[in-house]
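Topology and contacts: notes
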Amino acid sequence: MTRVFASDFDRTLYFMGEPEEVKPADLAAVEAYQRQGGLFGVCTGRSLKGVTLAIGERVRFDFYILVSGALILDGAMNVIHKRCISRPLLRELCERCCGYEMVIQANDTVYTFDRPHPLQTKITTLDDIEGGDLYGVSIATDSFESARRLTREFNTVYADTLTAHQNYADVDVAPKDCSKGHAIEFIRSHLAADRIGCIGDGHNDMPMIEKADMPFTFSYAPAEVRQRACHVVGSVAEALRIFQSSG
């Protein structure tokens, strides 16, 4: 039986700013799961560089679902699925959201017009981004309600070209039909998975949670997420133990 487990990244597997950014128990559990033949991957809104620079070589991923499913890589980081946003459409999005802080995910890098964080690259205009692989935009609003309103607006105005996902007060915008749920279905087919488990903590994880055979979340996740998950756990390690022991 081919077992596949997909983990969200931030506040699930990686805890930025905490003394232990990756929990040793989680690392040990991932390694044990893989030794027993299980496949373990990341499913995130981050870019590839955002994942690899943060976690280093502490985890050996068997697949990478990035930018909410716009880019999917195998364990050797070969592209197995890719969807992009056109530059004119990206320019329109940036103009529409000029009052918000935003980051652009392109060419496996995160770009920003604002003061960059350590893993981001500052740009002045979109012309500073070379190459055509423009995967998505993440927009930071001031509240949950603002993010929900903007998500609904994007999914109405750009229904034919884009898909927006709310991540509490942020909005992740990806090409049409790109979501963590669509990505899980792609991985199920690509890896011929008999059973898929997943874990996530946010609203943008709900498409993944709804598609997995055994979805997990945390006690600190929003109520809507907890209601859709099969199990509420305290760590990735606990989720993997339950997943491995399931039929």
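Let me begin by describing the structure that accompanies this report. (Residues numbered from 1 in each chain as written. Predicted model: local features only at pLDDT ≥ 70, side-chain atom pairs only at ≥ 80, totals over all residues. Heavy atoms only, no water.)

Examining the overall build of the protein chain
Inclusion rule: Here a strand is any run of E in DSSP of at least two residues, a helix any run of H or I of at least four, and the numbering for each starts at the N terminus. All radius of gyration figures rest on C-alpha atoms, and the globule criterion is 2.2 Å times the number of residues raised to 0.38. Exposure categories follow from relative accessible area, calculated using a 1.4 Å probe and restricted to protein chains: below 20% of the type maximum is buried, above 50% is exposed, and the middle band is partly exposed. Throughout, a residue-residue contact means that at least one pair of heavy atoms, one from each residue, lies within 4.5 Å.
Along its length, the protein chain carries eight helices and 14 strands. Here the C-alpha atoms of the protein chain give a radius of gyration of 17 Å, agreeing with the 18 Å that 2.2 N^0.38 yields for 247 residues. By principal-axis analysis of the C-alpha atoms, the protein chain measures approximately 50 × 40 × 35 Å. Here the protein chain holds 247 residues, and the buried ones make up 52% of them. In the protein chain, once contacts between residues fewer than 6 apart in sequence are set aside, the share between residues at least 24 apart is 56%.

Observations concerning the pairing of strand E5 (residues 79-82)
The line we're drawing: Think of it this way: DSSP has to see at least two bridges between two strands before they count as a pair.
In terms of strand pairing, strand E4 (residues 71-74) meets E5 through three bridges, oriented antiparallel. The residue of E5 that forms the bridge with leucine 73 is valine 79.

Looking at the side chain of glutamine 105
Inspection of the secondary structure assignment puts glutamine 105 in strand E6 (residues 101-106). Residue classification places glutamine 105 among the buried positions, given a relative accessible area of 6%. With residues near it in sequence (within four places) discarded, glutamine 105 still touches Gly45, Arg46, Ser47, Val67, Val110, Asp133, Leu134, Tyr135, Gly136 and Ser138.

What about helix H4 (residues 144-157)?
What counts, and what does not: One fewer than the residue count of a helix, multiplied by 1.5 Å, yields its expected span. By arc we mean the arc of the directions from the helix axis to the C-beta atoms, nothing more.
For H4, which comprises 14 residues, the first-to-last C-alpha distance of 20 Å matches the rise-based estimate of 20 Å (1.5 Å per residue) to within 8%. Burial in H4 covers these residues: Phe144, Ser146, Ala147, Leu150, Thr151 and Phe154. All buried residues of H4 lie within an arc of 160 degrees about the axis, which places them on one face of the element. Of the exposed residues in H4, those oriented more than 90 degrees away from the buried face are Arg149, Arg152 and Thr156. For H4, the elements touching its buried residues are helix H3 (87-96), strand E9 (134-140), strand E10 (162-167) and strand E11 (170-175).

Remarks on the sheet that holds E5
For the record, the criterion: The axes used here are C-alpha line fits, helices contributing only the stretch in contact, and every angle between their N-to-C directions lies in the interval 0 to 180 degrees.
Pairing in this open sheet of eight strands is mixed, and the strands run E5-E4-E3-E2-E1-E12-E13-E14 from one edge to the other. Because the sheet does not close on itself, it has two edges, and the strands there are E5 and strand E14 (231-233). Looking at each pair of strands side by side, their axes are set apart by 20 degrees on average, direction ignored. The pairing of strand E13 (residues 214-218) with E14 spans three bridges and is parallel. Across the sheet, residue phenylalanine 216 finds its bridge partner in E14, namely histidine 231. Where helix H1 (residues 24-35) meets the sheet, its contacts fall on strand E1 (3-7) and strand E2 (39-43), and the angle it forms with E2 comes to roughly 135 degrees.

Digging into the state of the cysteines
Keep this limit in mind: Only a pair of cysteine sulfur atoms within 2.5 Å qualifies as a disulfide here.
As enumerated under the stated definition, the model contains zero disulfides in all. Of the cysteine sulfurs around cysteine 84, a residue in no disulfide, the closest is that of cysteine 178, at 9.0 Å. Residue classification places cysteine 84 among the partly exposed positions, given a relative accessible area of 34%. For cysteine 178, a relative accessible area of 2% translates into the label buried.

So, the pairing of E11
In terms of residue burial, E11 counts as a mostly covered element, since five of its six residues are buried. Bridge count for E9 against E11 is four bridges, and the pairing is antiparallel. Residue pairing across strands places alanine 140 opposite aspartate 170, the latter belonging to E11. Across six bridges, the pairing between E10 and E11 is antiparallel. By the bridge assignment for E11, glutamine 166 is matched with valine 171. Counted between consecutive antiparallel strands, the loop separating E10 from E11 contains two residues, among which tyrosine 168 sits at a positive phi close to 55 degrees.

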